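For reference, the chains in residue letters:
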Amino acid sequence: MNLSQLKESAANIISSNETKSFKLQAICNLLKSEISYYDWVGFYFKNGDKKELKLAEFAGEPTEHTIIPFGKGICGQVAVSNENFVVQDVSAQENYISCGWKVKSEIVIPIFVNGKNIGQIDIDSHTVNPFTKNDELLLEFICTKISHII
Ligand code: SME
């Protein structure tokens, strides 16, 4: 699938009649299966009133990092910065929570509802330096669509 086909498939999933959880899982599965260098795809959301993220749907190996305090790791930093975080080489990051030696790079894109950062999509890759602007554009497109069903 090319970028526009991926966007179309993702949009179809999000506008379908399924539950929110089904849709988020389907997005994880779509991205992991269609993009060769996406080895783990998951959603983290703010955990109630707590200053922490909680893992929701994901595709890939289970992780022990189901709760991440704001400010900790790449995910926790995005929870406070409100900005995309593209890490082409995780070994160059000091504030990083490892999910295994195989992970070499990571991209996290925040999800905003009414201007508030309520969660994020997180991708781990086993390849160094895999991400381009197209990854950010695709994931921003998906996060914007998702913000309408949260
Ligand atoms: N590496 C992340 C932790 C979550 S896992 O990638 C699933 C981080 O540094 O926040």
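Visitor: Can you help me understand the packing of helix H1 (residues 3-14) against helix H2 (residues 20-34) in this one?
Guide: A pair of packed helices is captured by two measures, namely the crossing angle of their axes and the spacing between those axes. In contact at an axis separation of 9 Å, H1 and H2 are set at 165° when each is read in the N-to-C sense. If you check the angle between H1 and H2, you find them roughly antiparallel. Read as a crossing pair, H1 and H2 show a hand that is right-handed. Contacts from Leu6, Ser9, Ala10, Ile13 and Ile14 in H1 reach Lys23, Ala26, Ile27, Leu30 and Glu34 in H2. Classifying every residue of the contact of H1 with H2 by side-chain character gives seven nonpolar, one polar and two charged.

Visitor: I would appreciate a short explanation of the side chain of His65 in the present structure.
Guide: Take His65: it is sitting in the loop between strand E2 (52-59) and strand E3 (67-69). Filtering out sequence-adjacent residues up to four positions away, His65 remains in contact with Tyr44, Leu55, Ile97, Ser98 and Cys99.

Visitor: Can you walk me through the site of the ligand in this structure?
Guide: Taken together, the residues surrounding the ligand are Trp40, Tyr44, Ile68, Gly73, Ile74, Cys75, Tyr96, Ile97, Cys99, Glu106, Asp122 and Asp124. A distance of 2.7 Å is found between a nitrogen atom of the ligand and a backbone nitrogen or oxygen belonging to Ile97. Asp122 is positioned with one of its side-chain polar atoms (N or O) 3.3 Å from an oxygen atom of the ligand. Out of a free accessible area of 310 Å², the ligand has 100% covered by protein chains. A majority-of-atoms criterion places the ligand in the largest cavity. With three residues, helix H3 (residues 73-81) is the single largest residue contributor to the shell around the ligand. Of the residues contributing to the shell around the ligand, the split by class is eight nonpolar, one polar and three charged.

Visitor: Sorry if this is basic, but what is going on with the sheet that holds strand E1 (residues 40-46) here?
Guide: Pairing between the strands of a sheet is mediated by backbone hydrogen bonds and can be parallel or antiparallel. Sheet architecture is open: six strands sit in the order E3-E2-E1-E6-E5-E4, paired in antiparallel fashion. Both edges of this open sheet fall to E3 and strand E4 (85-87), since each of them pairs with a single strand only. Neighbouring strand axes in the sheet, compared pairwise and without regard to direction, differ in orientation by 25° on average. In this structure, E1 lies alongside strand E6 (residues 116-125), joined through six bridges in antiparallel fashion. Residue Tyr44 lies in a different strand from E6, and its bridge partner there is Gln120. Most of the contacts of H2 go to E2, to which it runs at about 65°, and overall it touches E1, E2 and E6. Contacts from helix H4 (residues 133-147) reach E1, E4, strand E5 (105-113) and E6 within the one sheet, and its direction differs from that of E5 by about 30°.

Procedures and definitions
- Residues numbered from 1 in each chain as written.
- Predicted model: local features only at pLDDT ≥ 70, side-chain atom pairs only at ≥ 80, totals over all residues.
- Heavy atoms only, no water.
- Axes fitted to C-alpha atoms, helices over the stretch in contact; angles between N-to-C directions.
- Helix = DSSP H or I, 4+ residues; strand = E, 2+ residues; numbered from the N terminus.
- Parallel < 35°, antiparallel > 145°, perpendicular 65-115°, else oblique.
- Left-handed = near helix turned anticlockwise from the far one by under 90°.
- Contact = heavy atoms within 4.5 Å.
- Nonpolar A, V, L, I, M, F, W, Y, C, P; charged D, E, K, R; others polar.
- Near = heavy atom within 4 Å.
- Polar contact = N/O pair within 3.5 Å; in protein donor to acceptor, adjacent residues only side chain to side chain.
- Areas by Shrake-Rupley, 256 points an atom, 1.4 Å probe, with all protein chains shown as cover.
- 1 Å grid on protein atoms, 1.4 Å probe; cavity = no way out; pocket = protein on both sides within 12 Å on 5 of 7 lines; lining within 4 Å.
- Sits in = over half its atoms within 2 Å of the grid points.
- Pairing = 2+ DSSP bridges.

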